[in-house]
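Working through the structure, step by step
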Amino acid sequence: TDLTTPIQVAVRDADGQGVPGVSVTFTITAGGGSFPGGANSAAATTDASGTATAPAWRLGKSAVPQRLRAQADGVSRDDIAATVLTGYNIEVRFWGGTMTPEQQALFTNAAARISGIVTGDIIDADARGGTINPSQCGVQGQPNLNEIIDDVLIYASIRAIDGGGQVLAGAGPCFIRGTATGDHTAVGIMEFDAADLATLTAGGNLQDVITHEMLHVVGVGTLWTDRNIVVDTGTTNPRYTGSNGVTGCQSIGGTVACSATVPVENEGGDGTADAHWREAVFNTEIMTGFLDTSAPISLLTIGALADLGFDVNEAAADTYMIFVNALRAQLRLSAPLPAWENIQRPVGVLENGRIIPVRPR
């Protein structure tokens, strides 16, 4: 969103006097923000007091450092900073296999993107006591937890799963904790098959896949059953009933497809069906169950996060519209597509330093 207070710089001469009529160039150097019209750079002229006011600075969509440079007559200031306010903290711990700094940065990017959407703090989870073993989440060789978790801890790995061209990744909540707005993930896992990494990287898909899987950890598609907001699961026409998701879908062109509910994926088998938006309707949206060359995070997915009880920033949505008012909403694909990811469901509730097994509904 735009900063409410404009950025101003003063141009002074050697005697400290304001210099009017000087052109100052403002350039965004970090954070992915923009000036009106989407420009990265804009100019302003100093007034009678020597002060230049930058155009409205719209911050980027990720909770990363935002920086601006002001330059005039070869003199510059590079330390003008702003902060994307968020109370939601995602900590990623890397384990298992070898991960390059560049690959680790993709996880950091995904966490920053989601923290720019989910902005409200979640009550801390108590994992103290030293008795909680991450092996319950499939995380081997890591020390027992003995800490307070704010807000979610994710174990991420790149390792052998099943060879190339099959399951690419898996993710989801492992331990959840109860809050005033329902259960939320405390500890989650993300794993990627090393055999498929080169293909994902070459296709430019790896960042989107990592962000997709991290949204599963946060709860999109994985805590829907817990919240009873998907009906007719396992049928040819499962539907999502959360009111914010429905409103989000209608705002992106789904007045027909989402007149009352949102179409949920009905193909792809376990791990894809009932846990994603329907590919035949939403195609490239990041939380459909099949890979695309681009993957925008739409108001539909942000609405689903609100339905999970998060405080969200709708301004962080990407530009996106669904297929032609989704007359395809009721269509099934001509043949089931192969599943490419494993969905992790919660195995326990984290409460006062101990794990209570999740009981099936």
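That block above? That's the structure.
Now for a description of the structure that goes with this document. In this numbering scheme, every chain counts its residues from 1 along its sequence in written order. Local features in this predicted model are restricted to residues whose pLDDT is 70 or higher, and side-chain atom pairs enter the listing and the counts only when it is 80 or higher, whereas totals over whole chains, interfaces and linings include all residues. Based on all heavy atoms of the structure, the side-chain values leave hydrogens and waters out of the count.

**A closer look at the sheet that holds strand 14 (residues 239-240)**
Worth spelling out the cut-off: For two strands to count as paired, DSSP must find a minimum of two bridges between them. Labels follow the DSSP assignment, with helices taken as runs of H or I lasting at least four residues and strands as runs of E lasting at least two, numbered in each case from the N terminus.
Pairing is antiparallel in the open sheet, where 3 strands are placed in the order 13-14-15. Two strands in the sheet have a free side with no partner beyond their single neighbour: strand 13 (230-231) and strand 15 (262-263). Note that strand 13 and strand 14 share 2 bridges and pair antiparallel. Across the sheet, Val 230 pairs through a bridge with Tyr 240, a residue of strand 14.

**Some remarks on the state of the cysteines**
This is how it is decided: Cysteine sulfurs are considered disulfide-paired once they come within 2.5 Å of each other. Accessibility here uses a 1.4 Å probe with only protein chains present; expressed as a share of the type maximum, an area under 20% marks a residue as buried, one over 50% as exposed, and anything in between as partly exposed.
Summed over all chains, the structure comprises 2 disulfides. Covalent S-S linkage joins Cys 249 and Cys 258, the inter-sulfur distance amounting to 1.9 Å. One quick way to see it: the torsion about the S-S bond of Cys 249 and Cys 258 is about 60 degrees, and its sign makes the bridge right-handed. We classify Cys 249 as buried; its relative accessible area is 0%. You can call Cys 258 buried: its relative accessible area is 0%. Among the cysteines of the protein chain that take part in disulfides, numbered as they appear in the sequence, the pairing is 1-2, 3-4.

**So, the side chain of Asp 196**
The criterion, for reference: By the counting scheme adopted, Arg and Lys are positive, Glu and Asp are negative, and His together with the chain ends is not counted. The salt bridge definition used is simple: a Lys or Arg side-chain nitrogen within 4 Å of an Asp or Glu carboxyl oxygen.
Note on placement: Asp 196 falls in the loop between strand 12 (182-193) and helix 2 (197-202). Buried within the structure, Asp 196 lacks any salt-bridge partner; its nearest side chain of opposite charge belongs to Arg 159, at an N-O separation of 12 Å.

**Regarding the packing of helix 1 (residues 101-115) against helix 3 (residues 206-218)**
Helices that pack against each other are described as a pair by the angle of their axes relative to one another and the distance between those axes. The criterion, for reference: For every element, the axis is a line fit to its C-alpha atoms; helices are fit only across the contacting stretch, and the angle between N-to-C directions ranges from 0 to 180 degrees. Should an angle fall under 35 degrees it is called roughly parallel, over 145 degrees roughly antiparallel, and 65 to 115 degrees roughly perpendicular, with every other angle called oblique. Handedness of each helix crossing follows the sense of rotation of the near helix against the far helix: counterclockwise by less than a right angle gives left-handed, clockwise gives right-handed. Residue contacts are defined here by distance: any two heavy atoms, one from each residue, within 4.5 Å place the two residues in contact. Classification used: nonpolar for Ala, Val, Leu, Ile, Met, Phe, Trp, Tyr, Cys and Pro, charged for Asp, Glu, Lys and Arg, polar for all others including Gly.
At a closest axis distance of 9 Å, the pairing of helix 1 and helix 3 adopts a crossing angle of 55 degrees. In terms of orientation, helix 1 and helix 3 fall into the oblique class. Viewed along their axes, helix 1 and helix 3 form a crossing whose handedness is right-handed. Residues Leu 106, Phe 107, Asn 109, Ala 110, Ala 111 and Ile 114 of helix 1 form the contact with helix 3, whose participating residues are Leu 206, Gln 207, Ile 210, Thr 211, Met 214, Leu 215 and Val 218. Across the contact of helix 1 with helix 3, the residue classes break down as 10 nonpolar, 3 polar and no charged.

**A few points about the pattern of salt bridges**
Taken as a whole and judged by the stated rule, the model has 11 salt bridges. Across the salt bridge formed by Glu 147 and Arg 93, the nearest N and O atoms sit 2.6 Å from each other. Here Arg 93 lies in strand 7 (residues 90-94) and Glu 147 lies in strand 9 (residues 145-149), a separation of 54 residues in the sequence. Taking the relative accessible area as the measure of exposure, Arg 93 reaches 26% and is therefore partly exposed. A salt bridge links Glu 351 to Arg 354; its shortest N-O distance comes to 3.9 Å. One network of salt bridges, with partners in common, ties together Lys 61, Arg 113 and Asp 318.

**With respect to the nonpolar core**
Cut-off, in case you're wondering: The definition of a nonpolar core used throughout is a set of buried Ala, Val, Leu, Ile, Met, Phe, Trp, Tyr and Cys residues joined through side-chain atoms within 4.5 Å.
Judged by nonpolar contacts, the single largest core of 61 residues is most densely connected at Met 190, Met 214 and Phe 282. If you tally residues by element for this core, the top one is helix 3, at 7 residues. Excluding anything up to four places from it in sequence, Met 214 contacts Ile 90, Val 92, Phe 107, Ala 110, Ala 111, Ile 114, Ile 154 and Met 190. Within the second largest apolar cluster, 20 residues are counted, among which are Val 22, Ala 52, Leu 68 and Ala 82.

**A word on the environment of Arg 159**
Turning to its location among the elements, Arg 159 is positioned in strand 10 (residues 152-159). Each C-alpha atom, one on Arg 159 and one on Arg 177, is 28 Å from the other, the two residues being 18 residues apart in sequence. Setting aside chain neighbours within four positions, we find Arg 159 in contact with Trp 95, Gly 138, Glu 191, Phe 192, Asp 193 and Ala 194.

**Some points on helix 3**
The condition is simple: A helix is expected to span 1.5 Å for every residue after the first.
Here helix 3 contains 13 residues, and its C-alpha end-to-end distance of 18 Å stays within 8% of the 18 Å for a straight helix at 1.5 Å per residue. Those residues of helix 3 that sit buried are Leu 206, Val 209, Ile 210, Thr 211, His 212, Glu 213, Met 214, Leu 215, His 216, Val 217 and Val 218. A positive backbone phi angle near 140 degrees is found at Gly 219, which sits one or two residues after helix 3.

**Description of the sheet that holds strand 3 (residues 41-45)**
Reading across from one edge, 3-2-5-6 is the order of the 4 strands in this open sheet, with antiparallel pairing throughout. Of all the strands in the sheet, the pair left with one neighbour each is strand 3 and strand 6 (75-82). Recorded for the sheet is a direction-independent mean angle of 25 degrees between the axes of neighbouring strands. Pairing between strand 2 (residues 23-30) and strand 3: 5 bridges, direction antiparallel. Bridge pairing in strand 3 links Thr 27 to Ser 41.

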